[in-house]
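# Coordinates in review
The primary structure of each chain is shown beneath.
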Amino acid sequence: MCLIIHKPKDAKLDLELLHSASQYNPHGYGLMAFTGPQKISVIRDQYTHFEALRRAYVHFAKHECVIHLRLRTRGHINYANTHPFRVSNAIYMAHNGTLDINCRIPGRSDSWHMANDLLQLYCGITRI
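To start, this report covers the structure provided alongside it.

Basis of the calculations
- Residues numbered from 1 in each chain as written.
- Predicted model: local features only at pLDDT ≥ 70, side-chain atom pairs only at ≥ 80, totals over all residues.
- Heavy atoms only, no water.
- Buried < 20%, exposed > 50% of the residue type's maximum accessible area, 1.4 Å probe, protein only.
- Helix = DSSP H or I, 4+ residues; strand = E, 2+ residues; numbered from the N terminus.
- Pairing = 2+ DSSP bridges.
- Salt bridge = Lys/Arg side-chain N within 4 Å of Asp/Glu carboxyl O.

### Regarding the pairing of strand 4 (residues 64–69)
Strand 4 sits mainly inside the fold: 5 of its 6 residues count as buried. Examined bridge by bridge, strand 1 (residues 3–7) and strand 4 share 5 bridges and lie antiparallel to one another. Paired with isoleucine 4 across the two strands is histidine 68, which belongs to strand 4. Looking at chain direction, strand 2 (residues 29–36) and strand 4 are connected through 6 bridges and run antiparallel. From the neighbouring strand, phenylalanine 34 faces strand 4, where its bridge partner is glutamate 64.

### Considering the pattern of salt bridges
Counted under the stated rule, the structure contains 4 salt bridges. Close ionic contact of glutamate 51 with arginine 54 constitutes a salt bridge, the shortest N to O distance being 2.5 Å. Of this pair, glutamate 51 and arginine 54 both sit in helix 2 (residues 50–60), 3 residues apart, roughly one helical turn. With a relative accessible area of 38%, glutamate 51 lands in the partly exposed category. Relative accessible area serves as the criterion here: at 26%, arginine 54 is assigned to the partly exposed category. For arginine 74, the salt bridge is made with aspartate 110, and the minimal N-O distance between the two is 3.8 Å. Here arginine 74, found in the loop between strand 4 and strand 5 (85–86), pairs with aspartate 110, found in helix 3 (residues 110–123); they are 36 residues apart in sequence, far enough to count as distant. A residue is classified by how much of its surface remains accessible, and arginine 74, at 27% relative accessible area, is partly exposed. Given the relative accessible area of 2%, aspartate 110 is considered buried. It is possible to trace a salt-bridge network through shared partners that takes in Glu51, Arg54 and Arg55.

See the structure below:
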């Protein structure tokens, strides 16, 4: 199953933990950092390479961060299925586990479908 790590602004994340997590969740990572008033910075990659993840974390270490490390359960291993998903300018979604929903686009994950269904339903935005 995927892993979501929340790192508060003043906390430090153990790089050994991050390294271990990257080994067990090799199918992509996303790092979301709260870098200013109403500013969210996001870095994503379809594969979890520890060195790239470490560099991203070190760059944003002074900020509050949410890191999602993916272990594929549904959908292809690709950038489109890498969390977090942008729902709006102020809302991003990361998900752990499997959703019992209809995945109408082959290769897209259940989490991708949820994010895009929410976009269509609540925001009136269509984005595929």
